[in-house]
Amino acid sequence: MPAHRLHESLHCAQCAIRHSSLCSALSSDELNNLNAIARRKVLTPGQPFLLEGDTSRDFANVTSGVAKLVCGAEDGRNQIVGLLFASDFIYGSLGTTPPTSPHSIEAVSDLELCIFPRKPFEELLHDYPSLEFKLLRLALDELETAREWMVLLGRKTAEERVASFFVYVTQKMKKLGCQGTTDFDLPISRSDIADYIGLTLETVSRQTTRLKKDGVITFEGTKRLTHVDEEELKRRAGF
C-alpha cells in the first residue's frame, strides 16, 4: 500500500498514541512542524518495513499493530531481538555512515506507521531539544530492556524464560490500555515466541501448558489470553 502524506494537523491531535509516544515532547506548533514532514504507511502481516543490511532512510512511530526485529544467522536461522508495539519508535540507525540497519523489521499484525524522513527529522532534533531529550530517554529505556533480555537468554531456565515473556507482554498490553489488562490476543505466534526467548517450539508449548494447568494463565482458544496471575507469574519468572 502506498504511503500518504499527513497534511492535516488534526491527525496528530487525534492520534491514539499522541501522549505516550515521542510526539508527547512537542507543543502544538512544534507538532505541526513534525506533521509537515510525516507520511503514513500501512503494512500487512509478514511485510517488511526494513531488511537487515539495507540503508535506513527513515524514522517511524508505530501507531498501531506489532512488528518484530529479526537478525539472521549464516546458517539461515533467525533470532527475534525485539518487539515493537504502538507508541514505540523505530530509530533506523543513528550515528553510522551509511546508515545501514543491523536487523530486519517485519509486521506481525496489520501495522500502521507514521514515518519521518531522516534528514528533516534530524533537523527537528537540532531545533527542538525536548524532542532530542525524549528520544534519548526512549533509547535508554530500550537499552535497559535489552540488558534484561540478555540475562533472560543467558541465565534463566526454560520456565523462567516463558514466564518472563508473559510478564513482558502483559505489561506492554497494560500500558496500551487493553480492557482488563489480561484480555488480549498474544501479539506473536508460539514459534516466534520460541525465536524471541531462545527455546524450541516444543519447549515453549510444554512450559505454556504447565502454566495453564497450574492456573497461572488462562486462554480462550489458542491465542487469546483472558487471565494472568501476575504475582505468581513474576515469581516463576525469577523476578
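Residues numbered from 1 in each chain as written. Predicted model: local features only at pLDDT ≥ 70, side-chain atom pairs only at ≥ 80, totals over all residues. Heavy atoms only, no water.

Turning our attention to a nonpolar patch on the surface. Side chains of Phe 133, Leu 136, Leu 140 and Leu 143 sit close together on the surface and give an oily, nonpolar patch of about 380 Å² of accessible area. Along the polypeptide, Phe 133 turns up in helix H4 (residues 129–155). (Patch = residues over 30% accessible without salt bridge, like charges linked within 9 Å, V, L, I, M, F, W, Y side chains within 5 Å. Areas by Shrake-Rupley, 256 points an atom, 1.4 Å probe, with all protein chains shown as cover. Salt bridge = Lys/Arg side-chain N within 4 Å of Asp/Glu carboxyl O. Helix = DSSP H or I, 4+ residues; strand = E, 2+ residues; numbered from the N terminus.)

A separate point is the side chain of Thr 63. Mapping Thr 63 onto the fold places it in strand E4 (residues 58–64). A relative accessible area of 13% places Thr 63 in the buried class. Every residue in contact with Thr 63, bar those within four places of it in the chain, is listed here: Cys 15, Ile 17, Ala 86, Glu 112, Leu 113 and Cys 114. (Buried < 20%, exposed > 50% of the residue type's maximum accessible area, 1.4 Å probe, protein only. Contact = heavy atoms within 4.5 Å.)

Relative to the elements of secondary structure, Thr 222 occurs in the loop between strand E11 (217–220) and strand E12 (224–228). C-alpha separation for the pair Thr 222 and Leu 186, spaced 36 residues apart in sequence, amounts to 9.0 Å.

In total, this model carries 12 salt bridges according to the counting rule given. Of the charged contacts in the structure, one is a salt bridge between Arg 118 and Glu 122, with a shortest N-O distance of 3.2 Å. Within this pair, Arg 118 and its partner Glu 122 are both found in helix H3 (residues 118–127), separated by 4 residues, close to a single helical turn. Judged by its relative accessible area of 14%, Arg 118 falls in the buried class. Of the charged contacts, one joins Glu 232 and Arg 236 as a salt bridge, the two residues approaching to 2.7 Å between their closest N and O atoms. Taken together, the residues span about one helical turn, with Glu 232 and Arg 236 both in helix H8 (residues 230–237) at a distance of 4 residues. The exposure classification of Glu 232 matches that of Arg 236, with both residues buried. If you follow the salt bridges from partner to partner, you end up with Glu 159, Asp 214, Glu 232, Arg 235 and Arg 236 in one network.

Moving on, we get to the packing of aromatic side chains. For the structure on display, the rule yields 9 aromatic pairs. A ring pair is formed by Phe 85 and Tyr 168, whose centres lie 6.3 Å apart and whose planes are at 70 degrees; its orientation type is edge-to-face. Taken together, the positions of Phe 85 in the loop between strand E6 (78–84) and strand E7 (89–90) and Tyr 168 in helix H5 (residues 158–175) put the pair 83 residues apart, joining distant regions of the chain. Each member of the pair, Phe 85 as well as Tyr 168, is classed as buried. An aromatic cluster of at least three residues, connected via ring pairs, comprises Phe 85, Phe 165, Phe 166, Tyr 168, Tyr 196 and Phe 219. Taking the ring centre of Phe 219 as reference, the NZ or CZ of Arg 190 above it sits at 6.0 Å. (Phe/Tyr/Trp six-rings, centres within 6.5 Å; stacked < 30°, edge-to-face > 60°. Lys NZ or Arg CZ within 6 Å of the ring centre and 35° of its normal.)

Whether parallel or antiparallel, the strands of a sheet pair through hydrogen bonds between backbone atoms. Pairing within the open sheet is antiparallel, and its 3 strands lie in the order E10-E12-E11. Lying at the two open borders of the sheet, with one neighbouring strand each, are strand E10 (184–185) and E11. (Pairing = 2+ DSSP bridges.)

This part takes up the pairing of E12. The side chains of a regular strand alternate, residue by residue, between the two faces of the sheet. Direction of pairing for E10 relative to E12: antiparallel, over a ladder of 2 bridges. Paired with Phe 184 across the strands is Leu 225, a residue of E12. One ladder, built from 4 bridges, connects E11 with E12; its direction is antiparallel. Bridge pairing in E12 links Ile 217 to Val 228. What sits between the antiparallel neighbours E11 and E12 is a turn of 3 residues, in which Gly 221 has the positive phi angle 75 degrees.

By size, the foremost hydrophobic cluster in this structure holds 33 residues, and its most contacted members are Phe 165, Phe 166, Ile 197, Ile 217 and Leu 233. The element that contributes the greatest number of residues to this core is H5, accounting for 8 residues. Not counting residues up to four positions away in its chain, the partners in contact with Ile 217 are Phe 166, Thr 208, Leu 211, Lys 212, Leu 225, His 227, Val 228 and Leu 233. If you look at the next biggest cluster of nonpolar residues, it comprises 18 residues, including Leu 26, Tyr 91, Phe 116 and Leu 131. (Core = buried A, V, L, I, M, F, W, Y, C linked by side-chain atoms within 4.5 Å.)

The next thing to look at is the packing of helix H6 (residues 190–197) against helix H7 (residues 201–213). Across the interface, H6 lies against H7 with an axial gap of 8 Å and an inter-helix angle of 105 degrees. Classified by the interaxial angle, the pair formed by H6 and H7 is roughly perpendicular. Across the interface between the two elements, Arg 190, Ser 191, Ile 193, Ala 194 and Ile 197 from H6 touch Leu 201, Val 204, Ser 205, Thr 208 and Lys 212 from H7. Residues of the contact of H6 with H7, tallied by class, amount to 5 nonpolar, 3 polar and 2 charged. (Axes fitted to C-alpha atoms, helices over the stretch in contact; angles between N-to-C directions. Parallel < 35°, antiparallel > 145°, perpendicular 65-115°, else oblique. Nonpolar A, V, L, I, M, F, W, Y, C, P; charged D, E, K, R; others polar.)

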